[in-house]
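Commentary on secondary and tertiary structure
Below, each chain spelled out in residue letters.
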Amino acid sequence: MIRIDSLILWLLYLAVIVGLVPVFGALTLWLQILLGCSVVVAFLTDRHKRVVLNNLLGAGVALVGLVFYLPQLSRVNVALPLIHILCLLLVVRLLGRKTARNILQTFLLAVAVLAASSLLELSMVYLFCLIVLVLLLSTGLILLSFIDSQHEVRLTADELKSLLRPILLLPVASLVLMAMLFIILPRTQTPFWNFLNPSPRATVSMSDQVSPGDYAELSLSGEVAFRVETERLPAGQEYWRGLVLNQIDAQGRRWSRQELDVNERSSLQGQSVSLTVLAETKADRYLVTLDRTAGLSGIRHRQAADGTMTASRGEQGRQRYQLTSYPDALYELIGKADTYRQLPESSLPRLEAVARQIVSGGTTMKDRVAALDRFFLNQQLVYSTQQLEQTDAPIETFLFETKRGYCEYFASSYALLLRMSGVPARLVGGYLGGVYNSLGGYYLVGEDSAHVWVEALNDERVWLRIDPSRLAVNAESAITAGRSRNIPGLQALSDYLYYLWTRAILNYDFARQFNLFRSASTKLKGVVGLKPLAGKNLLWGGLVLFPVLVWLLYRRLQLSSLIRAYRKRIARCCGVKSLPESLGLYRIAERSGDPLCRDFAESCGAALYGGKKLGWEERRRLRKLISALHKQRFDSSLAQ
């Protein structure tokens, strides 16, 4: 035999644990310890029918928590104080007496904690916990009705099994309804919880200023930058362009980006590549593209002459957009190139000596690039993030002393020496490589793949990509092998599930919702042979009919609420807590002999069984009728 009250307590503790899973890591240490101990202590004391906190002591603990956390609430900090308050109330309810009312409150607090966790992060764990909690909550609430009528109810295993089958229909129907509402309900551009608790900006991003050492710090980050849906790209094409850095400071240490009045023309050639980018939230507005991108769609943006693309200010959070790229396209500079020959004001004698050697090696851009490549190879430079000294002359220190550096060391020194040799040059900041997920068919690019390379203007005034990092003695092992590989099986599956979650749930906005409706309308038109105008009318008609159906359901619920209020009033008139479910409206009117009860039964009965419509005036009259019954007193035998 299984006791219903014991089963409800098991469901209660499971619901509490499930509700806490998404937020537990965000709680303060002392509250984590308190919650863990409370669950264990409550479980042990409930088995022996003991109470740790009485109502007065529990109210005191809750009041202290409110006094402590309420002052921490602010416009930009709502989530954490709210979650801490809810968790503290959960502790009070766990350690208190387990009456039917308190158990119900504990269930609802677990739901509130889970709902509040969405203010912090909406992850796949949240969806799993939500499904489990709906199952636990609905089952627990239905079983709780047995305790309300008879405290110690025992069922056999077969009886419990036959009872759980219809009980589980309710949560399953609720989950199906939730999924339908998620698809069809209108969307806003920004989730409502962002107004309550604006999400923190990303701690890493592409900066419009770069100096030696900056990208080496990014290499230590394990955060995901973006994912790109596309086929596997040929080796050497995995350069993800971010922004162009075209100015160097007076000391020759830092490169920066300035908007220049230049004009460039692209010559599209070769085979195009289609890509879909899903970028994580970041602090900058630069849009990552495959190098040599011809077009971008799906997000409002502005494109500079040098190919740098920036999102509009209204585009925040995760971004999803489509690219059309031509890896073999040529970009030609129209007009003067003097801006790309700008040099530092400070004297750099050792670099100037190298530049004179490069100039003496030939007059064409190709000759000077070849001479500069030989110089880099002769220096035996090492590509590394370790032991990078910060000095007042980082480029000279890198080339002539330590001979160790990351991509920005190689690119900065190479571009500067090109300019000193009379070759227009600029830096390009972005990412190199990434790991390819064969299961999902996309690249996963992390912040540790951040990279800087050089673009030099040849004698035909066409920009050529040059990656000086590949001139390092350890380039093959440090760059190529580490940045272009497949993801192992289990890791690929895990990341693919997260990618599906992000694309299907987190990025499900109004645009995708509208496209879904339009696609469904087109398919329906093809099936039933509707004209285009009729298909649109059907779509908009469905959107109009949905709130009408909701309104009709609301009217029906209003009638049921009137009947509940009436039965509660009759129970009070009889001096009992509630009426038996078997006692109908006409039986109440017959036993009481009261004309008000007969009037109510005839009006509601006609609506319930005869299809009569109840207008607003009739509903108000019935509410007044219920109020008038408060003076009546009936024999308690009426309620039997």
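See above for the structure.
In this report, the structure presented in the accompanying data block is examined. (Residues numbered from 1 in each chain as written. Predicted model: local features only at pLDDT ≥ 70, side-chain atom pairs only at ≥ 80, totals over all residues. Heavy atoms only, no water.)

**Comments concerning the overall build of the chain**
Put simply, the rule reads: Secondary structure counts use DSSP, requiring at least four H or I residues in a row for a helix and at least two E residues in a row for a strand, with both numbered from the N terminus. Only heavy atoms matter for contacts: two residues are in contact if any of them lie within 4.5 Å across the pair. Residue exposure ignores everything except the shown protein chains as possible cover, and the areas themselves are Shrake-Rupley values with a 1.4 Å probe.
Within the chain, the secondary structure is distributed over 20 helices and 23 strands. Within the chain, counting contacts between residues at least 6 apart in sequence, those at least 24 apart form 76% of the total. A total of about 33300 Å² of accessible surface is found on the chain, and carbon and sulfur atoms cover 58% of it.

**Quick notes on a nonpolar patch on the surface**
In plain terms, the rule: Think of a patch as exposed residues, more than 30% relative accessible area, with no salt bridge, where like charges cluster within 9 Å and nonpolar side chains (Val, Leu, Ile, Met, Phe, Trp, Tyr) cluster within 5 Å. Salt bridge, as used here: a side-chain nitrogen of Lys or Arg that lies within 4 Å of a carboxyl oxygen of Asp or Glu.
Residues L66, L70, L73 and L82 make up a contiguous nonpolar surface patch of about 290 Å² in total accessible area. With respect to the helices and strands, L66 occurs in helix α3 (residues 55–69).

**As for unusual backbone geometry**
For clarity, the cut-off: In this scheme, a residue with accessible area under 20% of its type's maximum is buried, one over 50% is exposed, and one in between is partly exposed, where area comes from a 1.4 Å probe on protein chains only.
The phi dihedral of K403 falls on the positive side, at around 55°, and the residue is not glycine. Here K403 lies in the loop between α12 (394–402) and β17 (404–405). Residue class for K403 comes out partly exposed when judged on its relative accessible area of 27%. With phi around 65°, R461 is a residue other than glycine that occupies positive phi space. Inspection of the secondary structure puts R461 in the loop between β21 (450–457) and β22 (463–466).

**Structural notes on the sheet that holds strand β10 (residues 289–290)**
Applied cut-off: In short, DSSP must find at least two bridges between two strands for them to pair. Whenever a helix is involved, its axis is fitted only over the stretch in contact; in every case the axis is a line through C-alpha atoms, and angles between N-to-C directions fall within 0 to 180 degrees.
Strand order across the open sheet formed by five strands is β10-β5-β18-β21-β22, with antiparallel pairing between neighbours. Looking at which strands have only one partner, the edges of the open sheet turn out to be β10 and β22. Bridge count for strand β5 (residues 239–245) against strand β18 (residues 425–432) is six bridges, and the pairing is antiparallel. Of the residues in β18, the one forming a bridge with R241 is G430. In the packing of helix α13 (residues 407–420) onto the sheet, the strands contacted are β18, β21 and β22, and the crossing angle to β21 comes to about 15°.

**Here's the deal with empty space enclosed by the protein**
Note the cut-off: Here a cavity denotes a set of grid points, spaced 1 Å apart and computed over the protein atoms alone, in which a 1.4 Å probe fits but from which it cannot get out, and a pocket denotes an open set meeting protein on both sides within 12 Å along at least five of seven lines; residues with an atom within 4 Å of a point are reported as lining. Grid points are joined across faces, edges and corners, and a volume is the space filled by probe spheres set on the points. Each residue is assigned to one class: nonpolar for Ala, Val, Leu, Ile, Met, Phe, Trp, Tyr, Cys and Pro, charged for Asp, Glu, Lys and Arg, and polar for all the others, Gly among them.
Overall, the coordinates contain two cavities of 30 Å³ or more when judged by the stated rule. In this model, the largest cavity occupies a volume close to 60 Å³. Lining the largest cavity are R241, T289, D291, R292, T293, Q303, D306, G307, M309 and Y331. Grouping the amino acids of the lining of the largest cavity by side-chain chemistry returns two nonpolar, four polar and four charged. Of the volumes computed, that of the second largest cavity is approximately 30 Å³. L388, E389, P394, T397, F398, T402, R404 and Y409 together form the lining of the second largest cavity.

**Some thoughts on the side chain of N246**
With respect to the helices and strands, N246 occurs in the loop between β5 and β6 (247–248). Setting aside residues up to four positions removed in sequence, N246 forms contacts with W255, S256, R257, Q258, L260, D306, T339, Y340, Q342, R419 and R426.

**With respect to the pattern of salt bridges**
Counted according to the given criterion, the structure contains 18 salt bridges. Where E280 meets R227, a salt bridge forms, and the shortest distance between an N and an O atom there is 3.3 Å. Of this pair, E280 sits in the loop between β9 (273–279) and β10 while R227 sits in strand β4 (residues 224–229), and the two are 53 residues apart along the sequence. Taking relative accessible area as the criterion, E280 reaches 11% and is therefore assigned buried. With relative accessibility at 2%, the residue R227 sits in the buried group. E259 is paired through a salt bridge with R302; the nearest N and O atoms lie 3.8 Å apart. Separated by 43 residues along the polypeptide, E259 in the loop between β7 (255–256) and β8 (263–267) and R302 in strand β12 (residues 301–303) bring together distant segments of the chain.

**With respect to the packing of helix α11 (residues 365–378) against α13**
Definition in use: Working rule for angles: under 35 degrees goes down as roughly parallel, over 145 as roughly antiparallel, 65 to 115 as roughly perpendicular, anything else as oblique. Two helices crossing with the near one rotated counterclockwise from the far one by less than a right angle form a left-handed crossing, whereas a clockwise rotation gives a right-handed crossing.
Packing of α11 against α13 leaves a shortest axis separation of 11 Å and a crossing angle of 140°. Overall, the two elements α11 and α13 adopt an arrangement that is oblique. In this structure, the crossing between α11 and α13 has a hand that is right-handed. The segment α11 lies against α13, with V369, L372, D373, F375 and F376 engaging F410, S413, Y414, L417 and L418. In terms of residue class, the contact of α11 with α13 is made up of eight nonpolar, one polar and one charged.

**So, α12**
Of the positions making up α12, those classed as buried are P394, I395, E396, T397, F398 and L399. Turning to α12, the residues buried within the fold contact α10 (349–360), α11, β17 and α13. Trailing α12 by a residue or two, K403 shows a phi angle of about 55°, which is positive.

**Some thoughts on the packing of aromatic side chains**
We apply this condition: Planes of paired rings set the category: under 30 degrees apart is stacked, over 60 is edge-to-face and the rest tilted, where pairs are Phe, Tyr or Trp rings (Trp by its six-membered ring) whose centres lie within 6.5 Å.
What the rule picks out here adds up to 18 aromatic pairs. Centre to centre, the rings of Y13 and F43 are 5.9 Å apart; their planes meet at 75°, and the pair counts as edge-to-face. On the criterion of sequence distance, the pair formed by Y13 in helix α1 (residues 4–20) and F43 in helix α2 (residues 29–47) is long-range, its members being 30 residues apart. Take Y13: its relative accessible area is 6%, and that puts it in the buried class.

**A closer look at the state of the cysteines**
Put simply, the test is: Two cysteine sulfurs form what is called a disulfide whenever their separation falls within 2.5 Å.
Throughout the structure, instances matching the rule amount to zero disulfides. With no disulfide of its own, C574 has C573 as its nearest cysteine by sulfur position, at a separation of 6.7 Å. Among the residues examined, C574 registers a relative accessible area of 6% and is labelled buried.

**Some points on the packing of helix α18 (residues 585–592) against helix α19 (residues 595–609)**
Where α18 contacts α19, the axes come no closer than 9 Å and their chain directions differ by 165°. One finds that α18 runs roughly antiparallel with respect to α19. In the packing of α18 onto α19, the handedness of the crossing is left-handed. For the pair formed by α18 and α19, the contact residues are L585, Y586, A589 and S592 on the first element and C597, R598, F600, A601, E602, C604, G605, A606, L608 and Y609 on the second. Per-class residue counts for the contact of α18 with α19 are 10 nonpolar, two polar and two charged.

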